Amino acid sequence: MKQINRISTLVLFFAGIAAVAQTPVPAAPAPAPLVGSIAGHPGWPVAKPEDVKSPEAILAAVYSCISGPKGQARDWDRMRSLFVPDARLIPARETTAGHADAVILTIDGYIARSNGRMTSAGFFEHSIHNDIEQFGNIVQIWSTYESRHNLDDATPFARGINSFQLLKDGDRYWVVNIFWDAESPTNPIPEKYLSK
């Protein structure tokens, strides 16, 4: 009799497990998408119309915002006005031989990370070659840059490529992302991205 009770108990136990395993688990709700427009960000700085009237203008404005001599404060509100509030600035970085990672920053994260370096040593960056492509409301700019501590430095201390993604919004452009990688001895910039 005890043997029958044990078997009955085991059968009920495994039947219960099977029932639980077959009960569908409700899916977690999908996170709400980030919306980059300023509608949800009251008080976001307003851009100067001349800074955002074309892909070339917004590109020049970004380089202007981050450039300046040692000790000069940057106009970070002007910088913010060029970007959708949820924009990302993403430097690629080498981790170990043959591997890389991406450091994903918000605009304020980028400012906190870069401000001290730029103002303590001086920092000037400008493009030397740009490839611009546009379809509808999306724009891609492949912008080769040079960085110097002083405008009159004979050679740059760094070069690389910035990949800008822009949104065309009526009569203005917004920066959605900048993704970049720096030149190195093992990663030289190809000639086609250096020619004028």
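Here, every reference points to the structure presented above.
First things first, this report covers the structure right here in the doc. (Residues numbered from 1 in each chain as written. Predicted model: local features only at pLDDT ≥ 70, side-chain atom pairs only at ≥ 80, totals over all residues. Heavy atoms only, no water.)

### A closer look at the overall build of the protein
No. 1: Per the secondary structure count, the protein includes four helices and six strands.
No. 2: Secondary structure elements of the protein occur, N-terminal to C-terminal, as α-α-α-β-β-α-β-β-β-β.
No. 3: Buried residues in the protein amount to 35% of all 196 residues.
No. 4: When the accessible surface of the protein is split by element, carbon and sulfur atoms take 61% of a total near 12200 Å². (Helix = DSSP H or I, 4+ residues; strand = E, 2+ residues; numbered from the N terminus. Buried < 20%, exposed > 50% of the residue type's maximum accessible area, 1.4 Å probe, protein only. Areas by Shrake-Rupley, 256 points an atom, 1.4 Å probe, with all protein chains shown as cover.)

### Remarks on the side chain of Glu146
No. 1: In this structure, Glu146 sits in strand 4 (residues 138-148).
No. 2: A distance of 2.9 Å separates a polar atom in the side chain of Glu146 from a polar atom in the side chain of Arg148.
No. 3: Discounting chain neighbours no more than four positions away, the residues touching Glu146 are Phe124, Glu125, His126, Ile128, Pro156, Ala158 and Arg159. (Polar contact = N/O pair within 3.5 Å; in protein donor to acceptor, adjacent residues only side chain to side chain. Contact = heavy atoms within 4.5 Å.)

### A closer look at the pattern of salt bridges
No. 1: This structure, assessed with the given rule, holds five salt bridges.
No. 2: Here Arg78 and Asp51 are joined by a salt bridge, their closest N and O atoms 2.9 Å apart. Here Arg78 is found in helix 3 (residues 76-82), whereas its partner Asp51 is found in the loop between helix 1 (2-22) and helix 2 (55-66), with 27 residues between them in sequence. We note that Arg78, like Asp51, is buried.
No. 3: Between Asp108 and Arg80 there is a salt bridge whose closest N-O contact spans 2.8 Å. Remark: Arg80 occurs in helix 3 and Asp108 occurs in helix 4 (residues 107-121); sequence separation between them is 28 residues.
No. 4: The class for Asp108 is partly exposed, based on a relative accessible area of 41%. (Salt bridge = Lys/Arg side-chain N within 4 Å of Asp/Glu carboxyl O.)

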